[in-house]
Every structure is written in structure tokens, then in C-alpha cells.
Amino acid sequence: MPLTEQERQQFTAIAKKIRGDLVDVTQWSGGAHIGGSLSMVDLAVLLYWKYLKLDPAQPDWPDRDRFVLSKGHAGLGHAVVLANRGYFDIALLKDFNQYGSPFGMHLDSRKVIGVEVSTGSMGHGLPEAVGLALGARVLGASWRVYCIIGDGESNEGSIWEAAMAAAHYKTGNLIAFLDRNHLMIDGRTEDIMSLEPLADKWSAFGWNTVVVNGHDLDALAVAIEAAQAHTTGPSMIVCETVKGKGVDFMENNPAWHYGGLSVDLAAKAKQSLGV
Amino acid sequence: MSTAEGGLTWTVYDANKMTQREIYGLVLTELGEKHPEIVGLSADLAKSTKISDFGDRFPERFFNVGIAEQNLFGMAAGMAKAGLIPFVSTFSVFATLRAGEFLRTDLCYQNLNVKVIATHGGTSFGSAGATHHSIEDLALLRAIPNLTVIVPADGIETAKAIRACMDIKGPVYIRIGRGFEPPVFESEDYDFEIGKAIELRPGTDITVIACGATVYHAIEASRMLEREGVSVRVLDLHTLKPFDDDAIRRAVAETRRIITVEDHNRIGGLGGAVADVIARGGKGCAFETLGIPDTFCSHGYPEDIMHIYGIDTDGIAAKIREVLGRDFEDDEDWEDEV
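Residues numbered from 1 in each chain as written. Chains lettered and ligands numbered in written order. Predicted model: local features only at pLDDT ≥ 70, side-chain atom pairs only at ≥ 80, totals over all residues.

**Q** Which residues make up the domain arrangement of chain B, and what are the values?
**A** Residues and elements named next belong to chain B. Here chain B is partitioned into domain 1 (2-175) and domain 2 (198-325). The centre of domain 1, based on its C-alpha atoms, is set 26 Å off from the matching centre of domain 2. Tallying the contact residues gives 26 residues for domain 1 and 27 residues for domain 2. Where the side of domain 1 that touches domain 2 is concerned, the elements lending two or more residues are helix 8 (137-142), strand 7 (148-150) and helix 9 (155-164). Taken together, the residues of the side of domain 1 that touches domain 2 break down into 12 nonpolar, nine polar and five charged. (Domains from an automatic or database assignment. Contact = placed C-beta atoms within 7 Å. Helix = DSSP H or I, 4+ residues; strand = E, 2+ residues; numbered from the N terminus. Nonpolar A, V, L, I, M, F, W, Y, C, P; charged D, E, K, R; others polar.)

**Q** Please set out the environment of Ile175 of chain A residue by residue, giving values where relevant.
**A** Residues and elements named next belong to chain A. Tracing the chain through its elements places Ile175 in strand 3 (residues 174-180). What makes Ile175 buried here is the crowd of 27 C-beta atoms within 10 Å. Once the C-alpha coordinates of Ile175 and Ile148 are considered, the two residues, 27 residues apart in sequence, prove to be 8.8 Å apart. Apart from residues no more than four positions distant in its own chain, Ile175 is found in contact with Arg144, Tyr146, Ile224, Ala227, Gln228, Ser235 and Ile237. (Buried ≥ 20, exposed ≤ 12 C-beta atoms within 10 Å, placed from the backbone.)

**Q** Give a description of the sheet that holds strand 7 (residues 235-240) of chain A that names residues and reports values.
**A** All names here are of chain A. Taking strand neighbours across the sheet as the criterion, the five strands line up as 1-2-3-7-6 in an open arrangement whose pairing is parallel. Either end of the sheet is taken by a strand with one partner, and the two such strands are strand 1 (66-69) and strand 6 (208-213). Averaged over neighbouring strand pairs, the angle between their axes works out to 20° when direction is ignored. Two elements, strand 6 and strand 7, share six bridges in a ladder whose sense is parallel. Note on strand 7: the bridge partner recorded for Val211 is Val238. Each of strand 1, strand 2 (145-150) and strand 3 is contacted by helix 5 (residues 125-139), which is oriented at about 170° to strand 2, the strand it contacts most. Strand contacts of helix 9 (residues 217-229): strand 3, strand 6 and strand 7, with the helix running at about 170° to strand 6, the strand carrying the most contacts. (Pairing = 2+ DSSP bridges. Axes fitted to C-alpha atoms, helices over the stretch in contact; angles between N-to-C directions.)

If you want it as C-alpha cells, here you go:
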């Protein structure tokens, strides 16, 4: 069901704060994957503040839901979300990317509290998410697995290997999201390697598939709850998003897949975000 | 078949009739009875690798992912993250090269408790040709951190390795063959320790260091040379990583002539590992490596391929005679240092 007005205001404010933090950490780090982090912020806020069964004080709580960031280059976004959710102090991100910091470009699950799977190389997270989902079945556990994949990442064969396996094994406890921001490093996805009709592909692979505006918190909430109710197989929520969302000079610009920010440019980015 | 405390053990009578794969399937199934956390995965090679024995007994704990080796390791990693102990089986060449980055990044980087039991190692699937041979796996795997690499000599040692790998809380790769490796051990009643070479024959003139199917041939060559008055030490160096440097140093000090033999490219495998220890030791030692000479092998019966490349009994015996006749410069202070 749609969000309450209170939730809508709360989550919108959190997403705005996180986008501002992303600008800060990008500036501190010397360079980060800010474009694809900005595109998934709204979804991540909804998951971490409403739908994931979790307890930041007990990151190893056995019954927690498992979240896998398959598009692991957006580790910046994941780290900032975890910090804001209370897993650790955001001040720890001042050394992001630096030797000795637990936080590198691609988050290491053995170093960063709250990260379930070390990702970064494309096409690894979804197969592990399928394994986690089936692991829950073997163990008789009730937790769900949530996984965000990228659209450029969807070029990888392993994504479709995992897609087949999840449908074959009817992983009703797996809900995946496709951050469909239409850009990859070298340009537009449809110019580099055509993906469309992408939602049809997921449907044809046997997934319960819907397409939503990935920046519309209410539409996302409705889609997530429908996916949770679909327990006979895996669900894919294709989130139509804007890479660089919220920062005017980054939006839809492939140059901001990865980049650094000077003090001045960071100020301009924050001005654009209204933070 | 005999029974012993803690489960079944295998004797030469059983091993004579079973391949390494068949013994693996039976031992894994036996372990599965005791360990509900064990799950099995394969990529349409369940029957070929004999992990199907486990799957038949525990269908709810077995997952065939189809012909998709990347997802095979990814799913195994996820199951390990869930707290299970996955055993993953496919052919060696697919485990290491087709899906190598998944083995490395998912299993080894995250140091997950996953056991990769790779069959059809080396040229053991001879007739299938180079597409199905695996002569590069040991070189590749030695360079991956966190991974334990084991190459059992025969079916009985396979059983020992499968049991022993349960004591390691991390990724393990066990390379076995396809066919009927001649038995080296008569029963499981011997000490097997991961990372410790086994001296199968004592000797003072030269040491032959072998792993996998070549261990049997090293023993046969040793027996052959014994009749010629040559004392050949044979080491079963079943663990490529962690490596038993001490056993190599002792062989250098006590026999001063070493030959390695493996069903693998001469580059980067057992021979490379031994050479590294010898070179770092700085002691003079006549040394030769036997293996596949950096070439893609033709198809053929495994016995023929081993013979052609000199990694069978005849080839090892010939190389022993050659290395025995080789001169090398003695260190003046050798006796003092030994």
C-alpha cells in the first residue's frame, strides 16, 4: 500500500540527506561512483527504513533479511545508507578509499559492518543472492533476500544464469531490483549493448516482473509489497531511474559514472540538491 | 568393505573396483548423514562427478544449476554465507578456467567454507582432448590467497582428503581424476595431514616428488630402480597449498637430487612449487621436472598420454637414470651445513 504522509515526508528527508552525504564523501574520497549511487538512493531508503527486517545493533542477527548490492561499484551509496541507518558513524567515511580505512570503492563484507556480500565485479551478487535464498530454504529460515542489480551489469551472462536458477528453484523469498538508469561507463546502455525489451526478458525468464518509477516512493512501496506477497517465485522490480539523480550537472551524464568533486563543485552539487 | 568407528573406511579391495569419483560420492554421502549443513551443487555433471550419490540421498540439499559454472560458484557462496557447507563438483577445467573469477572472488576473497571437488583433472579425460583436459589448474590456484589445494594420489587418499577438508573453515580445492587410478594405499589406516608430504618409500640417492595419479608411477619407478641398486625416495606431496617446504629441504639435504612429476603443465604446478623452495634454500641440487611440456595434449587414452609425456613409470625411471648421471657443483661446506 502507499506510504503514509508521515512516512513519505520522513523518507524524502532521509533520501535528501543521504544525497548530500554522497556529495561529501565523494569530495573526501578523491573520487567515487556517485552517479549510480544517486540513482538508487530512494529505493535503498525504502528498503533500509521500512522493508528490510534488520537491527543495526545486531548486524549478525540470524533472522535478519539479507541485502546484496550486486552493482557493487555503488558501494559508496551503500556505505552512506548504512551509516545513516546507524550501523556506524558517518565520520568513518572521511577516509573512504584510503589505505587503512575499512571502506574502499567496493565494500568488503569482512570489513564493513552490515555488508553481507563482497561485490564489485559485475554479475556476482545475484548468483550469491540466489544461493542465500535457497540457503534459507534448506535451513527452514524465514528471511528474505533483497538484491539490487545494475542495467549495465545485466550484460553479464552470470546474471541470466542466476535468473534461470532462481526461477527454476522458485525462490519466492528473493526480490531483486534493477536500477535502470540507462547509462554505463562508455555511454548509453542501448548504444553499447542493447538490453530492451528488458522487463520482458525477466518475465520470459519466469520472474514476477513489474516496472516502476524508481524515484517514486509510493510506487516503489506498492511494488515491494506486491513482490513480498508473491511467494511462488522470484520477483524483479525494474526501477526506471536517473543516473546522478538530484544533482543537475550529473543527471543523465555518463561522465558522472565515477568522478571526484572539488570544494566548489561539491558546493554546486549541494546547491542543486537543496541541502 | 570394512567398518570402523566414525563411519566407513575403504580397503584396497574396494578401491580396486572404484574410481576416485565413486569413492568421493560415497564418502560425501556418509558425511552428509552426520552433517546436515552440507549441501551439494553441480552443473549438469552430477553423475559424471558422482556427487549424484549425495543428491540421490539428500535431494532437498542438492542443487543442479544446469550448465552454468559461474552461477554454480556464486550460489555456493551464497549458501556458505547462509551458514551451510557447500560441496561443489564439476570438471577441473570448468571449475578453474570457465568460472575462475567466481572461485577467486566469491569463495576465496570472502574466505568461505566451500569445498570444490574437481574431477577429470590433468589429462585423465584423455580421449576428450584438450577442451576437457586441465593442465593449468594448479598453477592458477596456487596463486589465489586463502585457498587450500589438494591432489590425492588415489581413491583411498581421496577419501582421506574429503574427510580432512571438513576441518578447514575456508575454501578447499581437491583435484581428482576420471578413471581407475591404480591404488597406492591399502587402506585408510595411515596418517594424512593437509600440508604434510608422505614419504612412501625411503631413499638416499634421489627423491621423486609426485602428486595425483603420478604417485603410483613414482613408486613403481622406485621399485624398478631398486633392482638396479638405486635408492629412490618417493614423496606423495598431496597438498600443493599450503606447501610442505620442510619435506623439500630435507630431500635436498639428504638426497641432493630431485625430480618432480605431475599430470599438469610443467609451468607453475608441483614442479614450480618445489623449484621455488630449492632456489630459496640456496643449496646445490640436481633438479628436473616432469609434466606436460607447455603444450595442448592430443586426445588419447590417459595411459598413452602419460607415456608420451614421460610421466608414467618408464618416463620417471628414465629421468631418474639421467639425473643420477648429472654432474653439479658441490658446495664446499655442504657437509658442514647438512
